[in-house]
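# Chain and residue survey
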Amino acid sequence: MSKIHSRVAVSIAAIAVVVTMSACSSGSSTPSSSSTASTGKTEGTLTLYTERDPQEIAPVITDFEEKTGIQVQVFASTAAGVAAKLEAEEASGVHTADVIEESGDTNMLALETAGNLAKLPKSVTSLIPKQDPAFTRGNGYSFSVTTTLVGIAYNTNLVKGKNIPKEFTDLLSPYFKGKFSVPISTNSTSIQSFYQMTKLSYLGKKYITGLGNNGAVISAHSGDQVSSLITGDQVAAITNDNAVWPQIVNGAPIKFVYPSKGLAAVNAYEALVTGAPHPKAAAAFLQFLTTKKAQQDLATTGSTLTIPGTPLVPANRPTVDKLKFFTNPDTAALLAAQSTMVPFLTTALHE
Amino acid sequence: MLISTLDGPRRPVARTRFATWISRPIVYIPALILIPLIILPMLFLLYGTFQSAPPGQHGSWTGQNYDVLWTGGFLTLVMNSLILVASSTAIALVVGGALALALTRWNVPAARFFDSVTLIPAYIPAFVGAIAWSFLLSPTSGYLNTAFKAIGLPTVNIYSWFGVIGVTSLYSIPLVYLYLRPALLSVDRSLEEAGRMLGAGQAKVTRTILFPLIRPAIFSAALVVFVHTLSEFAVVGVLGVQAHINVISLRIVQLTTSGPVDPGRAAVLGVVLAAVSIFGLTVVVRGVGKNSFVTIGARHNADAPSNRGAASYLGLVLCIVYALVTVVLPVAVLVIGSLQPYLSTTFSSGWTFNNYVLMANYPGALTSIGNSLMLSVLAAVGCALFSLILAYIVVRRRGRLGAFVNYVSSAPLAVPHMVFAVALIWMWVGTPFGLYGTKWILLVAYIALLLPYSMRAAVTAFQQLDPVLEEAGRMSGASRARVGLRIITPLVLPGVIAGGTIVLYHAMQEISASLILYSAGQPVIPVAIWGLVSNGQYAQLFALSVVYVAMIFALVAGVGWFGRRFARL
């Protein structure tokens with residue numbers, strides 16, 4: 001056999017090995033319909049669509065799997081990615097997801113309106129404890145276990161004494177001119193929290209315009225905001241607690257402030273998907289999320305819990321029952337306001 | 001039909017009507033595959049531009065989405081985009097071209113080492129690279145700015161047009177290098193020697209002989225970098241937002257991932273970018289024209305000179321400076337950051353290996369690595385083989401089929417990956433073929449989205465190949481298949497492998513489509529990257545990136561070894 005023939009044969013063999021190995025390890029990860037009996041007798045798996053970072057939900061899944069023997073397969077993506085995939089599947093009659101985790105009331109309203117969510121069964125709703133209205137939608141389609149709180153963070157090495165911000169209005173001080181950051185207007189968390197600010201008499205639209213005139217630096221990610229705080233490029237930020245506290249635990253010289261007059265809460269909701277192929281497993285997972293064990297697991301990964309009674313990490317992090325929140329916005333009004341909020345924020349904050 | 005040989009009797013040619021007939025599917029089937037691969041998703045995209053609601057929700061026909069082209073500061077986005085892509089393309093062409101010249105023509109010491117090092121910036125995901133540069137040139141306490149202040153030099157603000165253009169250019173240089181290098185290697189040195197013998201200096205020879213011969217490669221590199229930069233949003237997202245810089249690609253990301261999600265208007269912008277790709281290709285086709293750029297012929301190539309002159313050491317300086325700026329500095333930032341509990345430029349945070357431990361324990365870590373490696377390698381091989389056939393159609397068959405293949409295969413170059421991925425979901429979600437819900441839909445997406453990169457490299461390689469070589473083989477009695485396998489493939493292989501290399505590292509880094517298309521329980525590495533970026537876990541992100549860059553480096557080194565073993569140049 002000539003050299004070129006042998007070389008080509010080796011190449012083809014190598015590619016064939018790769019393809020064969022991959023074929024052996026492949027296989028649809030979509031549960032087949034034959035294993036999704038409505039009685040749930042063979043529900044050994046559960047598919048979770050989530051907006052969370054897989055690290056955040058991993059301890060909960062591990063403990064759930066140990067307790068019930070039900071294997072959880074996770075699809076983690078952006079809020080829009082989760083919604084797009086779910087909507088495409090539901091519209092085509094393909095049922096893959098059992099439980100969905102999505103943050104933001106407007107995202108949840110869109111899913112409810114499209115008929116993608118089923119009402120929670122009584123076996124789940126009976127276990128949900130009474131919560132602050134800031135953390136509930138109150139329509140029986142979902143409940144929250146964690147939330148993202150939008151407050152103020154600052155660098156403890158650079159901001160001291162009377163300059164330490166305590167309320168949102170403190171960032172209008174000349175001390176902070178050009179030295180603090182705010183999230184970009186097209187971030188759904190920032191739209192909701194700024195929208196809530198515009199509805200408050202002591203803040204309102206003039207406050208946001210004032211932030212822009214005081215040189216607010218726009219940031220695309222909360223991670224960028226936090227790293228800029230640590231390096232000292234900025235000394236303060238309006239940002240979310242879930243990005244700040246993990247760095248505080250690691251020893252970063254930053255602190256998170258919860259304004260006493262109130263702060264914004266953007267909740268992560270848990271819901272049952274319409275036509276879930278494993279409804280009993282889904283119900284079991286949703287029930288597990290209300291347990292102390294699941295709450296502790298979420299706390300260890302840095303989340304803020306909406307169900308009081310479980311200490312957060314670190315221990316000095318305040319729980320939600322000690323804080324005051326902005327009034328939950330009317331979701332339909334918020335959804336309608338999004339198209340006007342973005343241009344307003346773009347102009348006011350000089351993006 | 002009988003042919004005569006120089007020293008033997010006439011003998012029958014093993015070419016029949018059957019052979020002619022059976023060779024046609026080899027040409028038409030690859031062209032037809034482009035229909036479900038690219039044309040149908042693009043049609044879904046176009047359909048989405050005329051819908052009032054996202055897919056899955058009740059909507060109606062509307063032209064309202066097109067108002068995005070004259071509202072919301074669209075003209076400003078266009079101007080910013082043009083400034084960014086034009087500047088980055090020019091810088092990347094100059095630096096990448098100089099590197100390619102130096103490492104193929106100037107006999108630079110340790111050329112093989114620098115050949116590998118030149119590509120390393122391309123392995124670093126754009127998000128990560130931009131964050132690393134923000135730690136180098138952060139205005140207050142960046143590593144480099146601290147050093148500049150200490151020696152009395154002015155500081156550089158990375159959050160500026162300079163920062164955005166500079167970092168974007170850095171990560172485009174390897175692309176240019178990968179397109180120009182095989183083209184330069186294929187040029188017969190005797191042509192340059194002839195010019196020098198006639199009294200022309202080195203610079204004139206390069207300008208009047210060498211560059212015209214590699215014009216297709218230069219045009220291809222310029223097109224790919226221009227259009228790729230048009231669709232790139234990560235660097236602007238990290239470094240440009242603070243400087244009030246927004247571009248079309250970032251607007252598309254904002255419309256598809258957060259805030260008031262508006263897939264209809266995002267689809268309009270995606271279609272506009274696809275039109276730009278096609279327009280850019282038209283410019284390339286006209287720029288190349290019907291000229292001949294044959295450099296791989298029947299003559300023996302002169303060997304590379306063994307003596308070193310001033311150019312060798314100039315090239316060495318260029319390579320060292322490039323390596324320092326684009327490789328050593330950002331990779332050092334990644335390594336340092338990966339060993340810190342939180343990212344600090346003052347080394348006050350202490351040191352830890354915990355980030356690597358956390359990455360090792362990341363949910364689905366091994367599965368992600370296995371899936372990413374497998375899908376990227378298969379995408380690279382698939383694109384390379386597919387491009388080999390399609391490029392043959394474009395260059396040798398020409399005509400309407402060639403034009404169809406050329407334009408369709410380049411169309412996805414600038415289409416935002418997330419928008420294309422949603423179109424793929426809608427195409428495949430209800431089909432009975434079992435593609436949806438498996439990891440193979442990601443492979444289809446990678447091939448569709450990254451095919452333009454390998455196509456440009458393969459087309460350039462074919463344009464440099466003299467058809468007389470194929471004719472000689474046919475006249476000697478070889479079948480088309482034998483000519484293809486024994487003559488064409490080895491000669492165009494360096495270019496095809498270069499294209500496959502580009503596909504490989506792009507597939508490893510591809511985030512937008514991966515985030516939507518991967519199946520539950522079958523993650524890929526970009527999912528972890530996105531999760532860490534969105535949660536601000538930058539120290540862990542740096543640890544992941546160090547491992548990631550090392551993996552891609554090993555993979556590409558393997559590809560390079562493969563290429564050197566099989567190339568005939």
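Residues numbered from 1 in each chain as written. Chains lettered and ligands numbered in written order. Predicted model: local features only at pLDDT ≥ 70, side-chain atom pairs only at ≥ 80, totals over all residues.

### What to know about the confidence of the model for chain B
Residues and elements named next belong to chain B. For chain B, the mean per-residue pLDDT works out to 84, and 89% of the residues sit at or above 70. By mean pLDDT, the top-scoring element of chain B is helix 7 (residues 161-170) (95), and the lowest-scoring one is strand 1 (residues 2-5) (35). Below a pLDDT of 50 lies the segment residues 1-15, which in the model reaches 15 contacts outside its immediate sequence neighbourhood of four places, other chains included. The ipTM value of the predicted complex is 0.86, and its pTM value is 0.86. (pLDDT = per-residue confidence, 0-100. Helix = DSSP H or I, 4+ residues; strand = E, 2+ residues; numbered from the N terminus. Contact = placed C-beta atoms within 7 Å.)

### A closer look at the domain arrangement of chain A
Residues and elements named next belong to chain A. Entries for chain A in the domain assignment read domain 1 (37-147 + 266-322) and domain 2 (149-263 + 330-348). If you average the C-alpha positions of domain 1 and of domain 2, the two centres end up 28 Å apart. Between domain 1 and domain 2, the residue contacts involve 14 residues of the former and 17 residues of the latter. If you tally residues by element for the side of domain 1 that touches domain 2, the top one is helix 4 (residues 105-113), at three residues. (Domains from an automatic or database assignment.)

### A few points about the environment of Val 268 of chain B
Summarising the element assignment, Val 268 of chain B is placed in helix 14 (residues 263-288). Not counting residues within four places of it along the chain, the set of residues in contact with Val 268 of chain B comprises Thr 49, Asn 65, Tyr 66, Val 68 and Leu 69 of chain B.

### Quick notes on the interface of chain B and chain A
If you look at the interface, chain B gives 59 residues, while chain A gives 64 residues. At the level of secondary structure, the elements contributing two or more residues to the side of chain B that touches chain A comprise helix 12 (234-240), helix 13 (248-257), helix 17 (365-397), helix 19 (417-428), helix 22 (480-509), helix 23 (512-517), helix 24 (525-534) and helix 25 (538-566) of chain B. When grouped by side-chain class, the residues that make up the side of chain B that touches chain A number 28 nonpolar, 29 polar and two charged. (Nonpolar A, V, L, I, M, F, W, Y, C, P; charged D, E, K, R; others polar.)

### Things to note about the pairing of strand 9 (residues 254-257) of chain A
Residue and element names in this part refer to chain A. Burial along strand 9 is one-sided: Ile 254 and Phe 256 are buried, while Lys 255 and Val 257, pointing the other way, are not. Bridge count for strand 5 (residues 142-155) against strand 9 is four bridges, and the pairing is antiparallel. Counterpart to Ala 153 in the pairing with strand 9 is Phe 256. (Buried ≥ 20, exposed ≤ 12 C-beta atoms within 10 Å, placed from the backbone. Pairing = 2+ DSSP bridges.)

### Let's talk about the environment of Val 317 of chain B
Relative to the helices and strands, Val 317 of chain B is located in helix 15 (residues 310-338). Val 317 of chain B sits 209 residues away from Val 108 of chain B along the chain, and the two C-alpha atoms are 9.4 Å apart.

### Observations concerning the nonpolar core
Ranked by internal contacts, the top residues of the largest apolar core, which has 291 residues, are Tyr 179, Ala 221, Ala 379 and Ile 425 of chain B. Per element, the largest residue contribution to this core is 18 residues, and it comes from helix 20 (residues 440-463) of chain B. Looking at this core, you find at least three residues from each of domain 1 (37-147 + 266-322) and domain 2 (149-263 + 330-348) of chain A. Sequence-distant contacts of Ile 425 of chain B, defined by excluding residues within four places in its chain, comprise Ala 84, Lys 85 and Ala 88 of chain A together with Ile 516 and Leu 517 of chain B. (Core = buried A, V, L, I, M, F, W, Y, C linked by C-beta atoms within 7 Å.)

### Observations concerning the packing of helix 2 (residues 74-105) of chain B against helix 7 of chain B
Packed helix pairs are specified by the crossing angle of their axes together with the interaxial distance, meaning the distance between the axes. Residues and elements named next belong to chain B. At a closest axis distance of 9 Å, the pairing of helix 2 and helix 7 adopts a crossing angle of 45 degrees. Between helix 2 and helix 7, the angle falls in the class oblique. You can see that helix 2 and helix 7 cross each other, and the crossing is right-handed. Across from Leu 84, Ser 87, Ser 88, Ile 91 and Ala 92 in helix 2, the residues of helix 7 making contact are Val 164, Ile 165, Thr 168 and Ser 169. The class makeup of the residues in the contact of helix 2 with helix 7 is five nonpolar, four polar and no charged. (Axes fitted to C-alpha atoms, helices over the stretch in contact; angles between N-to-C directions. Parallel < 35°, antiparallel > 145°, perpendicular 65-115°, else oblique. Left-handed = near helix turned anticlockwise from the far one by under 90°.)

### Remarks on helix 18 (residues 399-410) of chain B
Taking 1.5 Å of rise per residue, the 12 residues of helix 18 of chain B would be expected to cover 16 Å, and the 17 Å separating its terminal C-alpha atoms lies within 8% of that figure. Of all the residues in helix 18 of chain B, the buried ones are Val 405, Asn 406, Val 408, Ser 409 and Ser 410 of chain B. (Expected span 1.5 Å × (residues − 1).)

### Observations regarding unusual backbone geometry
The bulk of non-glycine residues show a negative phi, and the bulk of peptide bonds are trans. Put simply, Val 313 of chain A and Pro 314 of chain A share a cis peptide bond, and its omega is 0 degrees. Position of Pro 314 of chain A among the secondary structure elements: in the loop between strand 11 (304-305) and helix 12 (331-348). Phi is positive for Asn 107 of chain B, close to 55 degrees, though the residue is something other than glycine. Tracing the backbone shows Asn 107 of chain B in the loop between helix 2 and helix 3 (111-117).

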